[in-house]
Amino acid sequence: MLSETVLTKILKYKFSKTLLFDKFGEVDPPSPEAGVNYLLYVHIPFCEELCPYCSFNRYPFEKELAQNYFRALKREVRMYSDQGFDFGSVYIGGGTPTVLPNELTDLISELKTVFSVKEISLETNPNHLISEIMTAVRDAGVNRLSVGVQSFDDGLLKRMERFHKYGSGTEIKERLLQYMNFFDTLNVDMIFNFPTQTLAMLDLDLKIIQAIKADQVTFYPLMVSDITKKDLAKRFGPISYRQEKMFYNKIANELEAEYSHGTAWCFSRKKSMIDEYIVDYDEYIGAGSGSFGYANGAVFANTFSVPDYIGLIDQGKFPVFARKDFSLQDKVGYDFMMKLFGTSLNISEIEAKYNGLFRKKLWKELPIFYLSGAIQNTNGSIKLTRKGRYFWVIMMREFFTGVNNFRDLCRKQI
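Residues numbered from 1 in each chain as written. Predicted model: local features only at pLDDT ≥ 70, side-chain atom pairs only at ≥ 80, totals over all residues. Heavy atoms only, no water.

A few points about the overall build of the protein
In terms of helices and strands, the protein carries 17 helices and 18 strands. Radius of gyration (C-alpha) of the protein: 21 Å, near the 22 Å computed for a compact globule of 414 residues. With respect to the principal axes defined by its C-alpha atoms, the protein has extents near 55 × 50 × 40 Å. Every one of the 414 residues in the protein was classed for burial, and the buried ones make up 58%. Across the protein, the fraction of contacts at a sequence separation of at least 24, relative to all contacts at a separation of at least 6, is 75%. By element, 50% of the accessible surface of the protein is carried by carbon and sulfur atoms, the whole surface being about 16,900 Å². (Helix = DSSP H or I, 4+ residues; strand = E, 2+ residues; numbered from the N terminus. Rg over C-alpha atoms; globule rule 2.2 N^0.38 Å. Buried < 20%, exposed > 50% of the residue type's maximum accessible area, 1.4 Å probe, protein only. Contact = heavy atoms within 4.5 Å. Areas by Shrake-Rupley, 256 points an atom, 1.4 Å probe, with all protein chains shown as cover.)

Laid out in structure tokens, this is it:
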């Protein structure tokens, strides 16, 4: 039987190898292919303060640097338009994208001018839940807002260094309540499995989520790179996965009555965009410093240096600095993981994509997951069971941890 411990060890090794980029320097950007529906991810790396557990590309907010960055971003999206790309969906993440609301709304206007944008998802933090900012971004075209809350427990918020920035759990709850029904979807980002977290703390988080009737909640397991793990351990103690399954089952048991699974860790009251756009989009393009893209069977990464990013754009060059070409086995494995993370995979569609080779390429993996009770065939689809949903939480946790380790490596080279 496939155990969670064994799966974690296997995946940690696998993704450490898969995410080794093999081309660095001046890398050609991806080109659009006919018939492919692309999403655009836009990264805004600035934060008023940096959270100790975060491994995303982020910089302390400096107004002049951020203004120059937004100017470069608008030029980069124009460059992708000139390449022939079009995007119906845009995801703007960070960092804290709302640090300069006027620059942000100007960027959104630019995106809507050059692309056929129909939906925009935007990340923010609780301190930016104020009328001036929320009205501006909604009127600009944002229809899904994702708010980084992480926990409503004051003790955890203090250890995360978020209490003094965003207020108490009660204050955050009240801010959220003001903007329910303000956007088509308001998502609340939460984290579980902090070392000092208890079931009582998690129960409080769940009760608040249910009380405010959040449209959507994404409960991430704690995912930290090797570098941030050391810093986090100083604040919380050693990181362990012994309680992770118990916490996840608690979350699923509480939410499944009112919410459906958008992914293994995202719960939605209605169908809408999700944080893991890689589930709904086979290919996506990354704009901004430190962003990633997946297109033409390869992963691309932009430079992690904001000054270098601005300088390259000013020279009319794409800021792509790394590329990893996937083998057919890599591509099949990537699709298997990402599509099933959305809980269901249509067999005929995926076989058509790979000319009948999909299940043949997974001849070792599929039997293991079937025998372990993680997946089952239902009406022409492979679907995750409850057990399988937790297995996929582990898989995605290790995948994103691998990505975070690569981010740390890139930052060290700046």
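So much for the structure itself; the text now carries on.
Let's talk about the nonpolar core
What tends to happen in soluble globular proteins is that the nonpolar side chains get buried as a cluster. In this structure, Leu40, Ile92, Leu176 and Trp392 are the most contacted members of the largest nonpolar core, which totals 139 residues. Per-element accounting of this core gives the leading share, 11 residues, to helix α17 (residues 386–412). Among residues more than four places away in sequence, those in contact with Ile92 are Val42, Ile44, Pro97, Leu104, Ile108, Leu111, Ile120, Ser121, Leu122 and Glu123. (Core = buried A, V, L, I, M, F, W, Y, C linked by side-chain atoms within 4.5 Å.)

What to know about the packing of helix α8 (residues 199–212) against helix α10 (residues 244–255)
Where α8 contacts α10, the axes come no closer than 11 Å and their chain directions differ by 25°. Classified by the interaxial angle, the pair formed by α8 and α10 is roughly parallel. The two elements α8 and α10 cross, and the hand of that crossing is right-handed. Each of Leu199, Leu202, Asp203, Leu206, Ile209 and Gln210 in α8 lies in contact with α10, whose residues at this interface are Met246, Phe247, Lys250, Ile251, Glu254 and Leu255. When grouped by side-chain class, the residues that make up the contact of α8 with α10 number 8 nonpolar, 1 polar and 3 charged. (Axes fitted to C-alpha atoms, helices over the stretch in contact; angles between N-to-C directions. Parallel < 35°, antiparallel > 145°, perpendicular 65-115°, else oblique. Left-handed = near helix turned anticlockwise from the far one by under 90°. Nonpolar A, V, L, I, M, F, W, Y, C, P; charged D, E, K, R; others polar.)

A closer look at the side chain of Thr401
Tracing the chain through its elements places Thr401 in helix α17. Of note is the side chain of Thr401, whose polar atom sits 2.7 Å from the backbone oxygen of Arg397. Once residues within four sequence positions are removed from consideration, Thr401 is found in contact with Met223 and Val224. (Polar contact = N/O pair within 3.5 Å; in protein donor to acceptor, adjacent residues only side chain to side chain.)

Some points on the sheet that holds strand β17 (residues 375–378)
The antiparallel open sheet is built from 3 strands, whose spatial order is β16-β18-β17. Two strands lie at the open edges of the sheet, namely β16 (344–346) and β17, each paired on one side alone. Along the sheet, successive strands turn relative to each other by an average axial angle of 25°, direction set aside. Where β16 and strand β18 (residues 381–384) come together, 3 bridges link them in antiparallel fashion. Directly across from Ser344, in β18, lies its bridge partner Lys383. Strand contacts of helix α13 (residues 328–341): β16, β17 and β18, with the helix running at about 125° to β16, the strand carrying the most contacts. (Pairing = 2+ DSSP bridges.)

Notes on the packing of aromatic side chains
For any two aromatic rings, the description comes down to two numbers: the centre-to-centre distance and the angle of the planes. Going through the model one piece at a time under the given rule, you end up with 29 aromatic pairs. Relative to Phe115, the ring of Phe87 lies with its centre 4.8 Å away and its plane at 80°, an arrangement referred to as edge-to-face. A residue pair is termed long-range when its members are at least 10 positions apart, and Phe87 in the loop between α2 (63–83) and β5 (89–94) and Phe115 in the loop between α3 (101–114) and β6 (119–124) qualify at 28 residues. Taking relative accessible area as the criterion, Phe115 reaches 5% and is therefore assigned buried. When the ring centre of Phe182 is taken as reference, the NZ or CZ atom of Arg138 above it lies at 4.0 Å. (Phe/Tyr/Trp six-rings, centres within 6.5 Å; stacked < 30°, edge-to-face > 60°. Lys NZ or Arg CZ within 6 Å of the ring centre and 35° of its normal.)

A look at α3
For α3, with 14 residues, the first-to-last C-alpha span of 20 Å sits near the 20 Å given by 1.5 Å per residue. Every buried residue belonging to α3 is among Glu103, Leu104, Thr105, Leu107, Ile108, Glu110, Leu111 and Val114, and all of these are buried. (Expected span 1.5 Å × (residues − 1).)

Quick look at the pairing of β5
Of all the 6 residues making up β5, 6 are buried; the element is thus mostly covered by neighbouring parts of the structure. Residues Ser89, Tyr91 and Gly93 point to one face of β5 and Val90, Ile92 and Gly94 to the other, with burial holding for every one of them. Bridge analysis of strand β2 (residues 38–44) against β5 gives 6 bridges, and the strand direction is parallel. Within β5, the position partnered with Ile44 by the bridge is Gly94. Where β5 lies against β6, 4 bridges are found, and the strand directions are parallel.

A closer look at the environment of Tyr370
Looking at the element boundaries, Tyr370 is found in helix α16 (residues 365–371). Residue Tyr370 is classed as partly exposed on the basis of its relative accessible area, which comes to 31%. Taking the C-alpha atoms as reference, Tyr370 lies 9.8 Å from Ile382; in sequence the two are 12 residues apart. Look past the residues within four positions of Tyr370 in its chain and what remains in contact with it is Ile375, Gln376, Asn377 and Ile382.

Side note on the environment of Glu49
Residue position: Glu49 is located in the loop between β3 (46–47) and β4 (59–60). Glu49 gets classed as partly exposed once you look at its relative accessible area, which sits at 37%. Measuring from C-alpha to C-alpha, the distance between Glu49 and Phe247 comes to 29 Å, with 198 residues separating the pair along the chain.

Some remarks on the pairing of strand β14 (residues 298–302)
β14 sits mainly inside the fold: 5 of its 5 residues count as buried. Judged by which residues are buried, β14 turns out to be covered on both faces: Ala298, Phe300 and Asn302 on one side and Val299 and Ala301 on the other are all buried. The pairing of strand β13 (residues 292–295) with β14 spans 4 bridges and is classified as antiparallel. Opposite Gly293, over in β14, you have Phe300 as the bridge partner. Connecting the antiparallel pair β13 and β14 is a turn made up of 2 residues, with Asn296 showing a positive phi of about 55°.

With respect to the environment of Gly286
Mapped onto the secondary structure, Gly286 falls in strand β12 (residues 283–287). Taking the C-alpha atoms as reference points, Gly286 and Ala301, 15 residues apart in sequence, are found 7.6 Å from one another.

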